[in-house]
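# Working through the structure, step by step
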Amino acid sequence: MFDYIDVFKLEAKFFLKDFRKKHQKEVDLTAKYFSGKSDLSLMQAQHIIAKEYGFNSWDDLISAENGIWPER
C-alpha cells in the first residue's frame, strides 16, 4: 500500500517527464512558478506539485499529517 507521499512523488516524476516532452499543461504550470524555464529538475517539479496543492513548499507537503490541508 502506498503512503500518501508516494503518490505525490509519482505525480512529480510524471510531471517532469511530461514537461520534458513539452506537454502544454506542464509547460504552462512551470511558467507560472519558474518563468522562462526550458529545463526542470525533479526538485522544481516537486515544488510545483506542492504549490498546486496549496502548500508553500515540498517540505510542507511532506510534513502534512492527519489530513490537515491548507485552504485552496
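Computed from a prediction, not measured in an experiment: that's the story for all the values here.

Examined against the element boundaries, Gln-44 turns out to sit in helix H3 (residues 42–52). Overall, the relative accessible area of 18% leaves Gln-44 in the buried class. Filtering out sequence-adjacent residues up to four positions away, Gln-44 remains in contact with Phe-34, Lys-37 and Asp-39.

With that settled, the discussion passes to the pattern of salt bridges. With the rule as written, the count across this model stands at 2 salt bridges. Among the salt bridges present, the one from Arg-20 reaches Asp-39, with a minimum N-O distance of 3.9 Å. Residue Arg-20 is located in helix H1 (residues 4–20), and its partner Asp-39 is located in the loop between helix H2 (24–33) and H3; the two are separated by 19 residues in the primary sequence.

As a further point, take the packing of H1 against H3. At a minimum axis separation of 9 Å, H1 and H3 run at an interaxial angle of 115°. Here H1 and H3 pass one another in a crossing that is right-handed. Between H1 and H3, the residues in contact are Phe-8, Glu-11, Ala-12, Lys-13, Phe-15 and Leu-16 and Leu-42, Ala-45, Gln-46, Ile-48 and Ile-49, respectively.

Okay, the packing of aromatic side chains next. Evaluation of the coordinates by the stated rule reveals 1 aromatic pair. Ring geometry for Phe-8 versus Tyr-53: centroids 5.0 Å apart, planes at 75°, classification edge-to-face. With Phe-8 in helix H1 and Tyr-53 in the loop between H3 and helix H4 (58–63), the pair connects residues that are 45 residues apart, well separated along the chain. Residue class for Phe-8 comes out buried when judged on its relative accessible area of 7%.

Those residues of H2 that fall on the buried side of the exposure criterion are Glu-26, Leu-29 and Thr-30. Looking straight down H2, one finds that the buried residues subtend no more than 105° of arc, so they occupy a single side. Across H2 from its buried face, at more than 90 degrees, point the exposed residues Gln-24 and Lys-32.

Reading the values: the criteria
- Residues numbered from 1 in each chain as written.
- Predicted model: local features only at pLDDT ≥ 70, side-chain atom pairs only at ≥ 80, totals over all residues.
- Heavy atoms only, no water.
- Helix = DSSP H or I, 4+ residues; strand = E, 2+ residues; numbered from the N terminus.
- Buried < 20%, exposed > 50% of the residue type's maximum accessible area, 1.4 Å probe, protein only.
- Contact = heavy atoms within 4.5 Å.
- Salt bridge = Lys/Arg side-chain N within 4 Å of Asp/Glu carboxyl O.
- Axes fitted to C-alpha atoms, helices over the stretch in contact; angles between N-to-C directions.
- Left-handed = near helix turned anticlockwise from the far one by under 90°.
- Phe/Tyr/Trp six-rings, centres within 6.5 Å; stacked < 30°, edge-to-face > 60°.
- Arc of directions from axis to C-beta.

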